Amino acid sequence: MIPIKNEREICLMRRACRITAAARALAGEMVRPGVTTKQIDKAVHDYIVSQGATPSFLNYNGYPASACISVNNTVIHGIPDGRVLQEGDIVSIDVGAYIGGFHGDCAATFACGEISPEAQRLIDVTRQSFYEGIAHARKGNRVSDISHAVQSYVEANGFSVVRAFIGHGVGANLHEEPEVPNFGKPGRGPRLIPGMTIAVEPMVNAGTYDVRVLRDNWTTVTADGKLSAHYENTVLITDGEPEILTVTEGL
Ligand code: MF3
Ligand code: CO
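Residues numbered from 1 in each chain as written. Chains lettered and ligands numbered in written order. Predicted model: local features only at pLDDT ≥ 70, side-chain atom pairs only at ≥ 80, totals over all residues. Heavy atoms only, no water.

Student: What exactly am I supposed to notice about the site of ligand 1 here?
Tutor: Taken together, the neighbourhood of ligand 1 is formed by Phe 57, Tyr 60, Tyr 63, Cys 68, His 77, Asp 94, Asp 105, His 168, His 175, Glu 201, Trp 218 and Glu 232. Measuring from a nitrogen atom of ligand 1, one finds a side-chain N or O atom of Asp 105 at 2.9 Å. The side chain of His 175 places a nitrogen or oxygen atom 2.6 Å from an oxygen atom of ligand 1. The protein chains hide 94% of the 330 Å² of surface that ligand 1 would expose on its own. Along the lines of polarity and charge, the residues of the shell around ligand 1 split into five nonpolar, three polar and four charged. (Near = heavy atom within 4 Å. Polar contact = N/O pair within 3.5 Å; in protein donor to acceptor, adjacent residues only side chain to side chain. Areas by Shrake-Rupley, 256 points an atom, 1.4 Å probe, with all protein chains shown as cover. Nonpolar A, V, L, I, M, F, W, Y, C, P; charged D, E, K, R; others polar.)

Student: Would you mind showing me how to read the coordination of the cobalt ion (ligand 2) here?
Tutor: Each pair of donors in an ideal four-coordinate tetrahedral metal site encloses 109.5 degrees, whereas pairs in an ideal six-coordinate octahedral site enclose 90 or 180 degrees. Coordination of the cobalt ion (ligand 2) by the protein involves Asp 105 (OD), His 168 (NE2), Glu 201 (OE) and Glu 232 (OE), with metal-donor separations of 2.1 to 2.3 Å. Each donor residue of the cobalt ion (ligand 2) lies on the same chain, and together they follow the pattern D-x62-H-x32-E-x30-E. Taken together, the residues span a long stretch of sequence, with His 168 in strand E7 (residues 167-169) and Glu 201 in the loop between strand E9 (197-200) and strand E10 (203-205) at a distance of 33 residues. Using a relative accessible area of 6% as the deciding quantity, one classes His 168 as buried. Given a relative accessible area of 6%, Glu 201 falls into the buried group. (Donors = N, O, S within 2.8 Å, 3.2 Å for Na, K, Ca; no water. Helix = DSSP H or I, 4+ residues; strand = E, 2+ residues; numbered from the N terminus. Buried < 20%, exposed > 50% of the residue type's maximum accessible area, 1.4 Å probe, protein only.)

Student: Hey, could you run me through the packing of aromatic side chains in this one?
Tutor: Each aromatic ring pair is summarised here by two numbers: the centre-to-centre distance and the angle between the ring planes. For the coordinates displayed, the defined rule picks out four aromatic pairs. Note on Tyr 63 and Trp 218: the rings are 4.9 Å apart at their centroids and 80° apart in plane angle, and the pair reads as edge-to-face. One end of the pair, Tyr 63, is in the loop between strand E1 (54-55) and strand E2 (67-71); the other, Trp 218, is in the loop between strand E11 (211-213) and strand E12 (220-222), and 155 residues separate them in sequence. Grouping residues by exposure puts Tyr 63 and Trp 218 together as buried. Summarising the aromatic geometry, the rings of Phe 130 and Tyr 131 are spaced 5.0 Å apart at their centres and angled 90° between planes, so their arrangement reads as edge-to-face. When its relative accessible area of 29% is taken as the criterion, Tyr 131 is described as partly exposed. (Phe/Tyr/Trp six-rings, centres within 6.5 Å; stacked < 30°, edge-to-face > 60°.)

Below, the structure written as structure tokens:
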């Protein structure tokens with residue numbers, strides 16, 4: 001069953017998502033050489049709590065932090081630690097906040113100082129693939145119309161989309177129906193209905209799409225050691241244009 005949010009629930013989603021997006025923005029502002037991923041995680045945690053919300057990821061299936069911070073060849077679920085960010089790193093930061101019974105979920109990849117042109121292109125293509133995808137996030141379309149648009153754009157630009165992890169419905173639960181893959185044929189999966197809220201989150205690799213999970217059972221890295229980027233927003237299906245809920249105002 002795909003949860004359909006009513007007007008009241010959508011208002012609550014907006015509040016959770018605003019806090020989530022602000023946490024992503026403040027984390028991104030902190031990305032520079034010399035900062036540790038744990039320092040960024042602490043700032044994310046303290047900001048979310050200061051807003052009266054709870055970090056969605058903390059203790060989720062035993063996850064030990066508030067943010068996932070995934071550097072260079074780490075695709076997702078990087079656990080913040082004493083790692084010191086270096087000039088040239090690309091840093092994917094994924095955050096979630098829970099308040100009023102609803103979660104927001106969003107991510108982006110940030111440049112640490114000067115990065116290579118190819119790394120910047122990976123970041124740009126990943127972000128744009130999200131927008132290519134949600135151009136199809138309209139009532140009456142099917143979920144895989146989004147998936148297909150993401151994949152087509154990414155592959156036309158010479159990169160690959162991760163298969164082993166996908167986007168998802170988000171609301172009262174961090175992960176709920178429907179599944180939102182970043183690949184596949186169009187015209188498949190559930191029809192989109194106003195009031196659905198989904199996390200569209202392309203994970204894009206510079207090389208092969210294969211990934212490997214490290215012994216900590218979280219850290220997910222590219223199989224070939226090449227770079228990876230991530231971009232995610234929580235999106236509301238409406239009667240018209242999709243509404244990106246994880247937006248930041250005045251930041
Ligand atoms: N944003 C991630 C997702 O969409 C959530 C991280 S998983 C957690 O699946 F365990 F770290 F919370
Ligand atoms: Co997500």
